[in-house]
Amino acid sequence: MASPEFSTGDAHEDLALRYEGKLDYVNSFREYNALVKINPYWSPYYRKAADCLINTGDLPLPEVLQRSLVYEESFYAFFRAGEIYLIKNDLTQAVRYFSKALELAGKESDRIKVLAKLYIAYTYMNDKGNTSRILQSIHRINPGIQITVPPGGISLPLIFRYR
């Protein structure tokens, strides 16, 4: 680590990416966690560490995701938190996080992703008013899209169908 061109942080990031490429999320998390300790103000490392925990099935809202929101309110962090709460069937929290993600969504494709998740959450809550409102918002962006809601409150991947 005496090289001025290659830092300890570079080594941790390189290892994290290698582990991710091998789908070894536990070791990838360890490397991102080391990066968080080296540079605690760089929020992307928190989000990447949270992704690794999510990929291992560790579904309590990862502390690293919460810490990333302290340093930067990002679409990605709010969206992932909403997904975790949707999977855990904590629909009120899912709606809260998805709503914040929607405020921060810049791209149209991100808006549709969030609206689709909100549609699913409101459907599970049996909130017909908000379900209808969200569906109208989706159709204003893309009139041909249909959202398939997974059965039984389990958040499976969304299936989009175009007419």
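Cut-offs used in this document
Residues numbered from 1 in each chain as written. Predicted model: local features only at pLDDT ≥ 70, side-chain atom pairs only at ≥ 80, totals over all residues. Heavy atoms only, no water. Helix = DSSP H or I, 4+ residues; strand = E, 2+ residues; numbered from the N terminus. Buried < 20%, exposed > 50% of the residue type's maximum accessible area, 1.4 Å probe, protein only. Axes fitted to C-alpha atoms, helices over the stretch in contact; angles between N-to-C directions. Parallel < 35°, antiparallel > 145°, perpendicular 65-115°, else oblique. Left-handed = near helix turned anticlockwise from the far one by under 90°. Contact = heavy atoms within 4.5 Å. Expected span 1.5 Å × (residues − 1).

Brief notes about unusual backbone geometry
At leucine 23, a residue that is not glycine, the phi angle is positive and equals roughly 60 degrees. Tracing the backbone through its elements, the reader meets leucine 23 in the loop between α1 (8–21) and α2 (25–38). On the basis of relative accessible area, leucine 23 is assigned to the exposed category, the value being 58%.

Structural notes on the packing of α1 against α2
It is at 8 Å that the axes of α1 and α2 come closest, and there the two elements cross at 155 degrees. Classed by the angle they form, the pair α1 and α2 counts as roughly antiparallel. Pair α1 / α2 crosses with left-handed handedness. Judged by residue contacts, Thr8, Gly9, His12, Glu13, Leu15, Ala16, Leu17, Tyr19 and Glu20 of α1 engage Tyr25, Asn27, Ser28, Glu31, Tyr32, Ala34, Leu35 and Ile38 from α2.

Some details on helix α6 (residues 91–104)
Here α6 is 14 residues long and its end C-alpha atoms lie 20 Å apart, about the 20 Å a rise of 1.5 Å per residue gives. The complete set of buried residues in α6 reads Leu91, Ala94, Val95, Tyr97, Phe98, Ala101 and Leu102.

Brief notes about the environment of alanine 116
Residue placement: alanine 116 occurs in helix α7 (residues 108–124). Distance in space between the C-alpha atoms of alanine 116 and phenylalanine 98 is 9.9 Å, their sequence separation being 18 residues.

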